[in-house]
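Notes for the structure review
Listed here are the chains, written in short residue letters.
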Amino acid sequence: MSDFRPDQAGLEHAVRVLLERMQHRGSPHVAPDAADVSLPRQLPEIGIGGGAALDALAQIAFADVSRLDHPGFLAHMDPPTPWYTWAAAMWAAATNQNVLHPDTAPAARALESHVVAWLARVFGLSGGHMVPGSTVANLTALWAARELTGATRVVTSEAAHLSVVKSADILGMECVQVPVDDKQQLRTELLPPDLSDSVVVLTAGTVATGAVDDLHAGQGAAWRHVDAAWAGALRLSSHTRALDGIETADSVGVSLHKWLYQPKGSALVLFADAERAHEAISYGGGYLAVPNVGLLGSRGSSALPLAITLLAWGRQGIAEQIDAGMAMADELADLVTSDAELELWHRPCTGVVNWRPVECDPESVRERMTGAWVSTATIDGDRWFRSVAANPLADPRTVVSAVKETMNGSRREN
Ligand SMILES: *Cc1c(COP(=O)(O)O)cnc(C)c1O
């Protein structure tokens, strides 16, 4: 079928549609019930052809989406990606290499080893592999830990990501959640005294507030894992001190599709002794030329967009980008503290700002807000806005103005 040969006119049309749609500023948020997926109820009997199908779904692909690059989008841990990064993801999709097989993807495998080695070094660890997210990174690390140490228990904080609890469940391990202090950091004095049968999971950048646990905690544990899904990127910035101690971990997970601006499905699991860890979670299959390491079978080359981003920026460029995110979070915090109608939870330490109107319910303000978007989090039973500085094109003033306008609007209505 000729559909398997690139059609230049068709591809040019697809790219033209993409460019036109992306040039519109779009909306920082589309409510789930406002998005319109108008498709036939049943799988259509007769196809309409690739070009027409692209046009038919352009609305869903580009219009009914929250634009992560909108100046008012200061919400989730999801960044926009640089244009050459998503272009590289298109390249990887075009050749559809399977990193599982050296046979079909020799260079893609070598590229992944190479960039993983670059980043492992940054964390002071020996190596690891790419996974689709920190959910899988956490599960993989705890799996290796259980195999190598025989640990039966996971000890983490109450502010840990749900994937840590989920991993313990899957692995048949008990999960103990230790209380946190008023800054959402694990209270190390409440760790069980004997950790010899435990994997301690510390968080570098909790999902609600970006808090970083004492990354030296849990000495004496059978294994120490750091979930650095969000804040791991700081290791490449000028704020490395925020992650002091991460280099002493047995394993670390980092989501590159968060603060390293990668397309979804890009993360790392790193180990102090990668060779030993990989051996513990490897399977050989008759048809496989090399052992299958970790949880996944077939997978694509997420190393290609990553390598292109790292080459484009270099270490200095990455640092500047992440430092700018930290500065943006500070700017938002300053705007909030200088406004008597707004309050700040604590100064941000890893680019996550929790704030809210003093007198209005944050959730009801958010629902009615236009032109900007924030996420929310519950901290100690209270609802707060959560603004994550993952969007380099965000303008904190736009977000604060939108919140204030909505607040003042609701006051007039009362
Ligand atoms: C986002 C996040 C995860 C999960 O990572 P995914 O890449 O979404 O799978 C785990 N832990 C923390 C602290 C996170 O912020």
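Residues numbered from 1 in each chain as written. Predicted model: local features only at pLDDT ≥ 70, side-chain atom pairs only at ≥ 80, totals over all residues. Heavy atoms only, no water.

Things to note about the layout of surface pockets
Empty space within the largest pocket amounts to approximately 1800 Å³. In terms of lining, the largest pocket is formed by 48 residues, of which the most central are A14, L18, F62, W86 and M90. For the lining of the largest pocket, the secondary-structure elements that each account for two or more residues are α1 (8–23), α2 (50–63), α3 (83–95) and α9 (303–337). Each pocket or cavity is described by its volume, and for the second largest pocket that value is around 400 Å³. (1 Å grid on protein atoms, 1.4 Å probe; cavity = no way out; pocket = protein on both sides within 12 Å on 5 of 7 lines; lining within 4 Å. Points joined across faces, edges and corners; volume = space filled by probe spheres on them. Helix = DSSP H or I, 4+ residues; strand = E, 2+ residues; numbered from the N terminus.)

Thoughts on the sheet that holds strand β6 (residues 251–255)
The strand order across the open sheet formed by seven strands is β1-β7-β6-β5-β4-β2-β3, and the pairing between neighbours is mixed. The sheet is open, and its two edges are formed by β1 (127–131) and β3 (174–178), each paired on a single side. Across this sheet, the average inter-strand angle for adjacent strands is 20°, counted without regard to direction. Of the strand pairs in this sheet, strand β2 (residues 153–157) and β3 are connected by five bridges, and their pairing is parallel. Bridge pairing in β3 places V154 opposite C175. (Pairing = 2+ DSSP bridges. Axes fitted to C-alpha atoms, helices over the stretch in contact; angles between N-to-C directions.)

A closer look at helix α4 (residues 106–122)
With 17 residues, α4 ought to run about 24 Å at 1.5 Å a step, and its terminal C-alpha atoms sit 25 Å apart, in line with that. Those residues of α4 that sit buried are A108, E112, V115, V116, L119, A120 and V122. End-on, the buried residues of α4 take up no more than an arc of 145°, which puts them together on one face. In α4, the exposed positions that point more than 90 degrees away from the buried face belong to P106, A107, S113 and R121. Its buried side turned inward, α4 meets β1, α7 (256–259), β7 (267–271) and α9. Downstream of α4 by one or two residues, G124 has phi in the positive range, about 70°. (Expected span 1.5 Å × (residues − 1). Buried < 20%, exposed > 50% of the residue type's maximum accessible area, 1.4 Å probe, protein only. Arc of directions from axis to C-beta. Contact = heavy atoms within 4.5 Å.)

Remarks on the site of the ligand
The environment of the ligand is made up of 15 residues, and the closest members are T135, D227, S255, H257 and K258. One nitrogen or oxygen atom from the side chain of D227 is found 2.6 Å from a nitrogen atom belonging to the ligand. Here an oxygen atom of the ligand and a side-chain polar atom of K258 are 2.8 Å apart. Against a free-state accessible area of 380 Å², the protein chains account for coverage of 87% of the ligand. Every element with two or more residues in the shell around the ligand is listed here: α5 (134–149) and α7. In terms of residue count, α5 provides more of the shell around the ligand than any other element does, three residues in total. Each residue belonging to the shell around the ligand can be placed in one class, and the counts come to three nonpolar, ten polar and two charged. (Near = heavy atom within 4 Å. Polar contact = N/O pair within 3.5 Å; in protein donor to acceptor, adjacent residues only side chain to side chain. Areas by Shrake-Rupley, 256 points an atom, 1.4 Å probe, with all protein chains shown as cover. Nonpolar A, V, L, I, M, F, W, Y, C, P; charged D, E, K, R; others polar.)

As for the pairing of β1
Consecutive residues of a regular strand have side chains that alternate between opposite faces of the sheet. Of all five residues in β1, five are buried; the element is thus mostly enclosed. Pairing between β1 and β7: five bridges, direction antiparallel. Note that in β7 the partner of H129 across the bridge is V269.

Structural notes on empty space enclosed by the protein
For the structure shown, the criterion picks out one cavity of 30 Å³ or more. Looking at the largest cavity, its volume works out to about 80 Å³. Here the lining of the largest cavity is built from residues that sort into six nonpolar, four polar and two charged.

A closer look at the packing of aromatic side chains
Aromatic ring pairs are described here by two measures, namely the spacing of the ring centres and the angle between the planes. In total, this model carries six aromatic pairs according to the counting rule given. Relative to W259, the ring of W230 lies with its centre 4.3 Å away and its plane at 10°, an arrangement referred to as stacked. On the criterion of sequence distance, the pair formed by W230 in the loop between β5 (223–227) and β6 and W259 in helix α7 is long-range, its members being 29 residues apart. Here W230 and W259 have matching classes, each one buried. Aromatic side chains Y261 and W313 sit 5.4 Å apart centroid to centroid with 75° between the ring planes, which places their arrangement in the edge-to-face category. Placement of Y261 in the loop between α7 and β7 and of W313 in helix α9 is noted, with a sequence separation of 52 residues between them. Each member of the pair, Y261 together with W313, is buried. Lying across the ring of W384, R356 places its NZ or CZ 3.7 Å from the centre. (Phe/Tyr/Trp six-rings, centres within 6.5 Å; stacked < 30°, edge-to-face > 60°. Lys NZ or Arg CZ within 6 Å of the ring centre and 35° of its normal.)

What about the packing of α1 against α2?
A pair of packed helices is captured by two measures, namely the crossing angle of their axes and the spacing between those axes. Taken N-terminus to C-terminus, the directions of α1 and α2 make an angle of 30°; their axes are 11 Å apart at the nearest point. Between α1 and α2, the angle falls in the class roughly parallel. Note on packing geometry: the crossing formed by α1 with α2 is right-handed. Note on element contacts: α2 touches α1 through L54, D55, A58, Q59, F62 and A63, opposite H13, A14, V17, L18, R21 and M22. For the contact of α1 with α2, the class distribution of residues is eight nonpolar, two polar and two charged. (Parallel < 35°, antiparallel > 145°, perpendicular 65-115°, else oblique. Left-handed = near helix turned anticlockwise from the far one by under 90°.)

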